[in-house]
Amino acid sequence: MTATVLMVLSAADHWTLDDGTEHPSGFWAEEFVVPYEVFTAAGWDVTVATPGGKAPTVDRLSLGLSGGLPAKTRRIQAELDRLAPVLTAPANLSQVDAGAYDLVFYPGGHGPMEDLAYDTASGALLAERLTSGKPLALLCHAPAAILAAASEDGSTPFAGYEMTGLSNREELLNRFAKKAPWLLEDKLKESGVDYRKGRLPLRPFVVVDRNLYTGQNPQSSQKLAERLVADLR
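Cut-offs and rules
Residues numbered from 1 in each chain as written. Predicted model: local features only at pLDDT ≥ 70, side-chain atom pairs only at ≥ 80, totals over all residues. Heavy atoms only, no water. Pairing = 2+ DSSP bridges. Helix = DSSP H or I, 4+ residues; strand = E, 2+ residues; numbered from the N terminus. Contact = heavy atoms within 4.5 Å. Axes fitted to C-alpha atoms, helices over the stretch in contact; angles between N-to-C directions. Parallel < 35°, antiparallel > 145°, perpendicular 65-115°, else oblique. Left-handed = near helix turned anticlockwise from the far one by under 90°. Nonpolar A, V, L, I, M, F, W, Y, C, P; charged D, E, K, R; others polar. Buried < 20%, exposed > 50% of the residue type's maximum accessible area, 1.4 Å probe, protein only. Polar contact = N/O pair within 3.5 Å; in protein donor to acceptor, adjacent residues only side chain to side chain. UniProt positions renumbered as here; feature names shortened; annotations may be inferred. Phe/Tyr/Trp six-rings, centres within 6.5 Å; stacked < 30°, edge-to-face > 60°. Lys NZ or Arg CZ within 6 Å of the ring centre and 35° of its normal.

Under an unreviewed UniProt entry, the name given to the protein chain is Transcriptional regulator, and the source organism is Streptomyces nanshensis.

And the structure:
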């Protein structure tokens with residue numbers, strides 16, 4: 001039977017900084033393209049969804065020097081062009097039955113810091129998914145989305161789970177991050193998550209705790225996706 005994946009992308013096209021300026025952003029190209037390739041190569045069906053069914057915006061930084069060597073970013077751009085029909089007509093996240101999917105996967109980019117961190121539909125989906133025991137994966141900045149998830153008593157159901165996500169050290173490599181309203185590592189720790197990070201920044205690092213899979217950074221995209229394929233098989 002073919003596995004099914006719900007891939008949830010941010011619909012934000014900016015990240016509002018502490019001084020009120022809007023830093024152009026969106027989803028990180030590698031974090032969408034590489035897992036999409038791994039999943040479809042395994043024969044899996046992937047559905048892309050966003051808040052409101054809005055076409056997502058790629059962070060242009062992810063297709064420049066920040067995204068890797070030119071040959072790599074050219075290949076990723078070519079894949080984005082090929083997948084344009086998928087990205088221009090995503091499903092509306094609030095209307096999707098996440099329970100019908102074998103895997104729920106959230107790519108990152110700064111976009112989730114702007115919308116998914118506060119999206120009640122996404123938060124409810126994440127809370128339900130975690131307690132269901134079915135596989136859930138979040139990559140890089142995407143763990144920001146758990147900030148919108150709450151149990152009946154108002155606490156986060158993710159408290160006590162081992163997780164990773166972009167570290168403060170990695171975030172502050174971006175000059176504009178000095179004006180960030182908050183940093184992901186700090187917020188995860190404040191929420192009661194058992195935050196973990198790799199020994200070296202910008203290196204693949206994946207954490208698995210029960211049905212929750214997380215990757216630290218864009219460099220973890222391949223490793224996280226391949227681990228999911230191996231485990232779900």
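After that view of the structure, there is still more to cover.
> Can you tell me about the sheet that holds strand β7 (residues 136-139), naming the residues and giving the values?
On the basis of which strands lie adjacent, the open sheet formed by 7 strands has the order β5-β4-β1-β6-β7-β11-β10 and mixed pairing. On the outer flanks of this sheet lie β5 (91-92) and β10 (206-209), each paired with one strand and no other. Pairing between strand β1 (residues 4-8) and strand β6 (residues 103-106): 3 bridges, direction parallel. When the sheet's bridge partners are listed, M7 is paired in β6 with F105. Strand contacts of helix α5 (residues 120-132): β1, β6, β7 and β11 (212-215), with the helix running at about 135 degrees to β6, the strand carrying the most contacts. The sheet strands contacting helix α8 (residues 221-232) are β6, β7, β10 and β11, and the helix crosses β11 at an angle near 160 degrees.

> I'd love a proper account of the packing of helix α1 (residues 29-41) against helix α2 (residues 70-82), names of residues and values included.
Interhelical geometry of α1 versus α2 gives an angle of 70 degrees and a closest axis separation of 10 Å. Overall, the two elements α1 and α2 adopt an arrangement that is roughly perpendicular. Between α1 and α2 lies a crossing of left-handed hand. Residues A29, E30, F32, V33, V34 and E37 of α1 form the contact with α2, whose own contacting residues are K72, R75, I76, E79 and L80. Of the residues contributing to the contact of α1 with α2, the split by class is 6 nonpolar, no polar and 5 charged.

> Describe the pairing of β7, with residues and values.
Where burial is concerned, the two faces of β7 agree: the one with L136 and L138 and the one with A137 and L139 are both buried. Bridge count between β6 and β7: 3 bridges; the pairing is parallel. What sits directly across from V104, in β7, is L136. Looking at chain direction, β7 and β11 are connected through 4 bridges and run parallel. The partner of L136 across the bridge, within β11, is L212.

> Which residues make up the environment of L93, and what are the values?
When you line up the elements, L93 lands in the loop between β5 and β6. Relative accessible area serves as the criterion here: at 3%, L93 is assigned to the buried category. Linking L93 and P143, residues 50 residues apart in sequence, is a C-alpha distance of 17 Å. If we ignore the near neighbours within four places in the chain, the residues touching L93 are V8, A49, T50, P51, S122 and L125.

> Break down the environment of R196 for me, with residues and values.
Residue position: R196 is located in the loop between β9 (194-195) and β10. In this structure, R196 is in contact with E162, M163, T164, F205 and V207, ignoring residues within four places of it in sequence. A distance of 3.1 Å separates the side chain of R196 from the side chain of E162, its partner in a polar contact. At 3.1 Å, the side chain of R196 forms a polar contact with the side chain of D194.

> Hey, could you go over the UniProt feature "domain: DJ-1/PfpI" (unreviewed entry) in the protein chain for me, with residue numbers and the actual values?
This chain's UniProt record puts "domain: DJ-1/PfpI" (unreviewed entry) on residues 29-229. In the segment residues 29-229, helix accounts for 34% and strand for 14%; the C-alpha atoms at its two ends are 20 Å apart.

> Tell me about the side chain of T214, and please be specific about residues and values.
Among the structural elements, T214 can be located in strand β11. Here T164 takes part through its backbone nitrogen, which lies 3.0 Å from a polar atom of the side chain of T214.

> Residue-level account of the packing of aromatic side chains, with values.
Counted by the stated rule, this structure contains 6 aromatic pairs. Ring centres 6.3 Å apart and planes at 85 degrees place the aromatic pair W15 and F176 in the edge-to-face group. Here W15 is found in strand β2 (residues 14-16), whereas its partner F176 is found in the loop between α6 (168-171) and α7 (184-190), with 161 residues between them in sequence. What makes W15 buried here is its relative accessible area of 1%. On the accessibility criterion, F176 (14% relative accessible area) is buried. Ring pairing ties together the aromatic residues F27, F32 and Y36, which thus form one cluster. A cation over a ring is seen here: R210 above Y161, with NZ or CZ 3.7 Å from the ring centre.

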